[in-house]
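# Fold and geometry: a report
What follows is the residue order along each chain.
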Amino acid sequence: MTIRILVAEDQSAVRAGLVLILRSAPDIEVVGEAADGEEAVALARELRPDLVLMDVQMPRLDGVSATRAVVAEGLADVLVLTTFDLDEYVFGALRAGAAGFLLKNAEAGELLTAVRTVARGEGLIAPAVTRRLIAEFAAPTKPAKPAAAPGAADPNLLNSLTRREREVLSCLGEGLSNAQIAVRLTMAEATVKTHVSRLLGKLGLRSRVQAAVLAQELGIRSDEP
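Residues numbered from 1 in each chain as written. Predicted model: local features only at pLDDT ≥ 70, side-chain atom pairs only at ≥ 80, totals over all residues. Heavy atoms only, no water.

## Looking at the pattern of salt bridges
- In the structure shown here, the tally under the stated rule is ten salt bridges.
- Of the charged contacts, one joins D27 and R116 as a salt bridge, the two residues approaching to 2.8 Å between their closest N and O atoms. Within this pair, whereas D27 is found in the loop between α1 (12-23) and β2 (28-34), its partner R116 is found in helix α5 (residues 108-119), the two being separated by 89 residues in sequence.
- The exposure class assigned to R116 is partly exposed, which follows from its relative accessible area of 28%.
- Ionic pairing is found between R163 and E167, a salt bridge with its closest N-O pair at 3.6 Å. Of this pair, R163 and E167 both sit in helix α7 (residues 163-173), four residues apart, roughly one helical turn.
- If you follow the salt bridges from partner to partner, you end up with E9, D55 and K104 in one network. (Salt bridge = Lys/Arg side-chain N within 4 Å of Asp/Glu carboxyl O. Helix = DSSP H or I, 4+ residues; strand = E, 2+ residues; numbered from the N terminus. Buried < 20%, exposed > 50% of the residue type's maximum accessible area, 1.4 Å probe, protein only.)

## What to know about the nonpolar core
- A8, A44, V52, M54, V70, V78 and V80 are the most contacted members of the largest nonpolar core, which totals 24 residues.
- Contributing elements (two or more residues each) for this core: β1 (3-8), α2 (37-47), β3 (51-55), α3 (63-72), β4 (77-82) and α4 (88-95).
- Look past the residues within four positions of V70 in its chain and what remains in contact with it is V41, A44, V52, M54, L75, A76 and V78.
- One finds L157, L199, L203 and I220 within the second-largest nonpolar core, a separate group that totals 22 residues. (Core = buried A, V, L, I, M, F, W, Y, C linked by side-chain atoms within 4.5 Å. Contact = heavy atoms within 4.5 Å.)

## Quick look at the packing of α2 against α3
- Relative to each other, α2 and α3 sit at 15°, their axes nearing to 9 Å. The angle between the axes of α2 and α3 places the two elements in the roughly parallel class. Here the hand of the crossing between α2 and α3 comes out right-handed. Residue-level contacts link G37, V41 and A44 of α2 to A66, A69 and V70 of α3.
- Within the contact of α2 with α3, the residues separate by chemical class into five nonpolar, one polar and no charged. (Axes fitted to C-alpha atoms, helices over the stretch in contact; angles between N-to-C directions. Parallel < 35°, antiparallel > 145°, perpendicular 65-115°, else oblique. Left-handed = near helix turned anticlockwise from the far one by under 90°. Nonpolar A, V, L, I, M, F, W, Y, C, P; charged D, E, K, R; others polar.)

## Comments concerning the packing of α1 against α5
- One way to put it is that α1 packs onto α5 with a least axis distance of 10 Å and a crossing angle of 70°. Between α1 and α5, the crossing angle belongs to the class labelled roughly perpendicular. The handedness of the crossing between α1 and α5 is right-handed. Here L18, I21 and L22 of α1 come into contact with α5, specifically with A108, L111, L112 and V115.
- In the contact of α1 with α5, the residues fall into seven nonpolar, no polar and no charged.

## What about the pairing of β1?
- Most of β1 sits out of view: five of its six residues are buried.
- Bridging between β1 and β2 involves six bridges; their strand directions are parallel. Counterpart to L6 in the pairing with β2 is G32.
- The parallel pair β1 and β2, bridged by α1, forms a crossover whose chirality is right-handed. (Pairing = 2+ DSSP bridges. Right-handed = clockwise from strand over helix to strand, strands pointing away.)

## Structural notes on the confidence of the model for the protein
- Across the protein, pLDDT averages 81, with 80% of residues at or above 70.
- Note on residues 141-152: pLDDT under 50 across the span, and 18 contacts to partners over four residues away in sequence or across chains. (pLDDT = per-residue confidence, 0-100.)

## Quick word on unusual backbone geometry
- Although it is not a glycine, R60 sits at a positive phi angle of roughly 65°.
- Checked against the element boundaries, R60 lands in the loop between β3 and α3.
- Despite not being glycine, T186 has its phi angle at roughly 55°, a positive value.
- Tracing the chain through its elements places T186 in the loop between α8 (178-185) and α9 (189-203).

Rendered as structure tokens:
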């Protein structure tokens, strides 16, 4: 299966480098390039890629706003590119529904792995780094956090989840992949995917990253009943 990608990056040299790396993979096709957020949204509507590789800092329309538009319209998954692993822009992008994030200094192999991971529905890239991001993002002492999705930190939301879905949610909060959750909870990976899909729907969330943030904010632990 070929992964169709739209690359949104305002720096032409960086964009060219990303495209070169992506096109080196036989299972990845770059279907379009955008130099700003407005162009990224327009091309996403036109081309309907599987994934948008989105820089957060771009002219005309920033990457966070562009991510929000792409995700809200169901045009594609979004993998955010950022210079810093704890950039405030990343927080906003995750709230907007981005499937994950990747540092711009990532090696070529890491970029390809990240793209394939998100394309499989695995939104948490580099779990160790992502757990740090989630912990920082959810910290109550952080000033001026971006507005949460409606009800994002309401404990009553969890009442709609089954016990198994709560267990899966707690694993998402730890930054575990579907394969790791399957081992932890002794279930098939396909079953994990089903549980993730259902709990996202029940909680009104757009990505597993948002679910991970919610789990952190509510302090959900895997040993809870």
